[in-house]
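Now for the letters of each chain:
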Amino acid sequence: MARDSDNRDSAGRVFLVFLRLGLTSFGGPIAHLGYFRTEFVERRRWLDDRSYSDLVALCQFLPGPASSQVGMALGLARAGWSGLLAAWAGFTLPSAIALILFAFGIAQYQDLAESGWVHGLKVVAVAIVAQAVWGMARSLCPDRPRAALALLAALMTLFLPSAAGQVAAIVVTGLVGRWGLKIRQPAGGQAHAYPVSRKLGIAALLLFAAPLIALPLWAAASGSSTLALLEGVYRSGALVFGGGHVVLPLLQATVVPSGAVSNADFLAGYGAAQAVPGPLFTFAAYLGAIAEGPLSGWSGGLVLLGVIFLPAFLVLVGALPFWESLRHREGIQTTMAGINAGVVGILLSALYDPVWTSAIHGRADFGLALAAFGLLVYGHVSPVLVVLLAGLAGWVMAM
């Protein structure tokens with residue numbers, strides 16, 4: 001069978017593929033990576049498991065939302081720069097629009113995060129992550145040394161449940177892989193042609209760093225509350241590793257003490273953000289829409305949405321040209337073999353906390369997760385259909 005990856009796509013098709021994921025990808029960044037693997041490795045075959053895991057490992061190293069950066073890179077490889085924008089827009093806009101609408105006063109949705117059907121979607125995320133661990137372990141941990149590294153990474157992240165713990169696990173397993181694994185990796189997976197030169201990569205890294213220096217100075221000199229808001233949101237997106245929930249405290253420290261958003265409104269938006277699919281970084285769109293000041297409403301929501309994702313885009317573009325050339329060297333390949341095993345361990349740890357602990361509260365939840373896992377792995381049922389069935393089952397169970 002010819003691989004779908006043999007053909008490039010239009011930006012429109014990339015947008016539609018990611019739009020479907022943006023409408024159905026519940027469960028946070030770890031679950032998103034599971035959805036992506038199912039869609040692009042197993043179903044569409046845009047790339048293989050090793051190339052996908054390499055990309056995930058790179059994005060885990062970078063600041064910003066890892067799942068969104070993986071999506072950007074996939075869109076860039078598939079349809080060029082317009083494909084990158086299309087992938088980001090398709091995956092991001094559904095949740096951003098929903099949160100902006102919530103900011104306009106859809107008060108009846110404030111209990112959405114506790115509803116039965118949303119709980120069903122959290123449960124199906126357990127099955128999605130379990131499927132990712134199952135599939136990636138078989139291909140990336142085929143021997144005892146790499147299985148041991150996966151378990152080491154899982155233990156490290158269980159005892160250090162933070163973004164720093166994840167980065168430490170990747171560093172340790174990479175170093176052990178570099179100096180301890182006696183294996184010869186294949187050619188490094190499918191080649192991917194990213195239209196990013198080294199000069200452009202360096203320029204992107206300089207553009208990434210410039211606002212971190214210039215915006216605080218400009219905001220302090222002008223006394224502008226709008227510039228202070230933009231600076232705080234950019235800094236939150238630029239300096240947070242792990243993405244997702246990690247960015248929320250920094251955003252709260254930016255918007256609540258300044259009076260741009262009340263703490264009650266902040267917490268209400270946080271609850272709504274748990275109930276929508278897609279990246280949690282879209283919470284910035286809610287804050288921009290509800291903020292007091294010149295930036296508010298639709299314009300404020302879209303501006304802060306762009307600001308919080310801008311550093312993730314710039315640092316990804318800056319890293320890609322160097323990453324693609326380095327990862328094919330033998331020493332890098334053995335390092336990546338260790339890191340790939342570590343990624344499996346991190347996924348295994350995340351399967352327990354936060355995915356399992358936030359979703360499985362009894363026998364019925366476990367039964368629903370087990371049924372969803374069976375449909376995905378053995379029934380080969382479409383993930384979209386499994387998500388819909390799990391949401392329906394959660395709603396019925398809550399009646």
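Refer to the structure presented above.
About the criteria used
Residues numbered from 1 in each chain as written. Predicted model: local features only at pLDDT ≥ 70, side-chain atom pairs only at ≥ 80, totals over all residues. Heavy atoms only, no water. Helix = DSSP H or I, 4+ residues; strand = E, 2+ residues; numbered from the N terminus. Buried < 20%, exposed > 50% of the residue type's maximum accessible area, 1.4 Å probe, protein only. Contact = heavy atoms within 4.5 Å. Expected span 1.5 Å × (residues − 1). Arc of directions from axis to C-beta. Patch = residues over 30% accessible without salt bridge, like charges linked within 9 Å, V, L, I, M, F, W, Y side chains within 5 Å. Areas by Shrake-Rupley, 256 points an atom, 1.4 Å probe, with all protein chains shown as cover. Salt bridge = Lys/Arg side-chain N within 4 Å of Asp/Glu carboxyl O. Axes fitted to C-alpha atoms, helices over the stretch in contact; angles between N-to-C directions. Parallel < 35°, antiparallel > 145°, perpendicular 65-115°, else oblique. Left-handed = near helix turned anticlockwise from the far one by under 90°. Nonpolar A, V, L, I, M, F, W, Y, C, P; charged D, E, K, R; others polar. Phe/Tyr/Trp six-rings, centres within 6.5 Å; stacked < 30°, edge-to-face > 60°. Lys NZ or Arg CZ within 6 Å of the ring centre and 35° of its normal. Core = buried A, V, L, I, M, F, W, Y, C linked by side-chain atoms within 4.5 Å.

Undergrad: Go over the side chain of T92, please, and point to the residues and values.
TA: Among the structural elements, T92 can be located in helix α4 (residues 66–103). The exposure class of T92 is buried, given its relative accessible area of 0%. Ignoring sequence-local partners within four residues, the contact set of T92 consists of P279, T282, L305 and F309.

Undergrad: How would you summarise helix α15 (residues 363–377) if you had to cite specific residues and measurements?
TA: In a regular helix each residue adds 1.5 Å, so 15 residues correspond to 21 Å; α15 covers 21 Å between its end C-alpha atoms and thus fits that length. All of the buried residues in α15 are D365, L368, A369, A372, F373, L376 and V377. Seen along its axis, α15 keeps its buried residues to an arc of 150°; they face one direction. Every exposed residue of α15 that faces more than 90 degrees away from the buried side is listed here: R363 and L370. Residues of α15 that are buried in the fold lie against α5 (116–140), α14 (330–359) and α16 (383–397).

Undergrad: Can you tell me about a nonpolar patch on the surface, naming the residues and giving the values?
TA: A contiguous nonpolar patch, built from L155, L158, F159, L160, Y352, W356, F366 and L370 and spanning about 840 Å² of accessible area, is present on the exposed surface. Within the residue set of the nonpolar patch, elements represented by two or more residues are α6 (144–159), α14 and α15. With three residues, the top contributor of residues to the nonpolar patch is α6.

Undergrad: Residue-level account of unusual backbone geometry, with values.
TA: For R45, which is not glycine, the phi dihedral falls at a positive 60°. Take R45: it is sitting in the loop between α2 (29–43) and α3 (49–61). Looking at R45, the relative accessible area reads 30%, which means it is partly exposed. A positive phi angle is found at H380, which is not glycine, with a value near 55°.

Undergrad: Summarise the environment of A11; cite the residues concerned and give the values.
TA: Looking at the secondary structure, you find A11 in helix α1 (residues 11–24). Between the alpha carbons of A11 and L76 there is a distance of 9.4 Å; along the sequence they are 65 residues apart. Residues in contact with A11, not counting those within four places in the same chain, are A79, S82, G83 and A86.

Undergrad: I'd love a proper account of the packing of α6 against α14, names of residues and values included.
TA: The interhelical angle for the contact between α6 and α14, taken along N-to-C directions, is 45°, at an axis separation of 7 Å. Viewed along their axes, α6 and α14 adopt a mutual orientation that is oblique. At the point where α6 passes α14, the crossing takes the right-handed sense. Across from R146, L149, A150, L151, A153, A154, T157 and L158 in α6, the residues of α14 making contact are A337, G338, A341, G342, V344, G345, I346, L348, S349 and Y352. Of the residues assigned to the contact of α6 with α14, the class counts are twelve nonpolar, five polar and one charged.

Undergrad: Could you give an account of α5, with specific residues and numbers?
TA: With 25 residues, α5 extends 36 Å between its outermost C-alpha atoms, agreeing within 8% with the 36 Å of an ideal straight helix rising 1.5 Å per residue. Burial within α5 is extensive, with 19 of its 25 residues counted as buried.

Undergrad: Describe the packing of aromatic side chains, listing the residues and the values that go with them.
TA: Summed over the entire model, instances satisfying the criterion amount to twelve aromatic pairs. Summarising the aromatic geometry, the rings of F102 and Y286 are spaced 5.8 Å apart at their centres and angled 40° between planes, so their arrangement reads as tilted. With a gap of 184 residues between them, F102 in helix α4 and Y286 in helix α12 (residues 283–290) connect regions that are remote in the sequence. One exposure class covers both F102 and Y286, and it is buried. Following the ring pairs from residue to residue traces out a cluster consisting of F18, F36, F40, W46 and F91. One cation-aromatic arrangement involves R178 over W179; the distance from NZ or CZ to the ring centre is 4.3 Å.

Undergrad: Quick rundown of the pattern of salt bridges? Include the residues and the values.
TA: The full count for this structure, using the stated rule, is nine salt bridges. Between D9 and R78 there is a salt bridge whose closest N-O contact spans 2.8 Å. Of this pair, D9 sits in the segment before α1 while R78 sits in helix α4, placing them 69 residues apart in sequence. A relative accessible area of 14% means that D9 is categorised as buried.

Undergrad: Give a detailed account of the nonpolar core, specifying residues and quantitative values.
TA: With 128 residues, the main nonpolar core has F18, F40 and V70 as its most contacted residues. Examining the composition of this core, we find that 19 residues originate from one element, α4, more than from any other. Those residues within four positions of V70 in sequence are excluded, and the remaining contacts are L33, F36, Y52, L55, V56 and C59.

Undergrad: Break down the packing of α4 against α12 for me, with residues and values.
TA: Relative to each other, α4 and α12 sit at 30°, their axes nearing to 8 Å. Relative to α12, α4 is oriented roughly parallel. In the crossing of α4 with α12, the sense of the turn from one axis to the other is right-handed. For the pair formed by α4 and α12, the contact residues are A96, L99, I100, F102 and A103 on the first element and F283, A285, Y286, A289 and I290 on the second. Counted by class, the contact of α4 with α12 contains ten nonpolar, no polar and no charged residues.

Take it as geometry only, folks, not as evidence of what the structure does.
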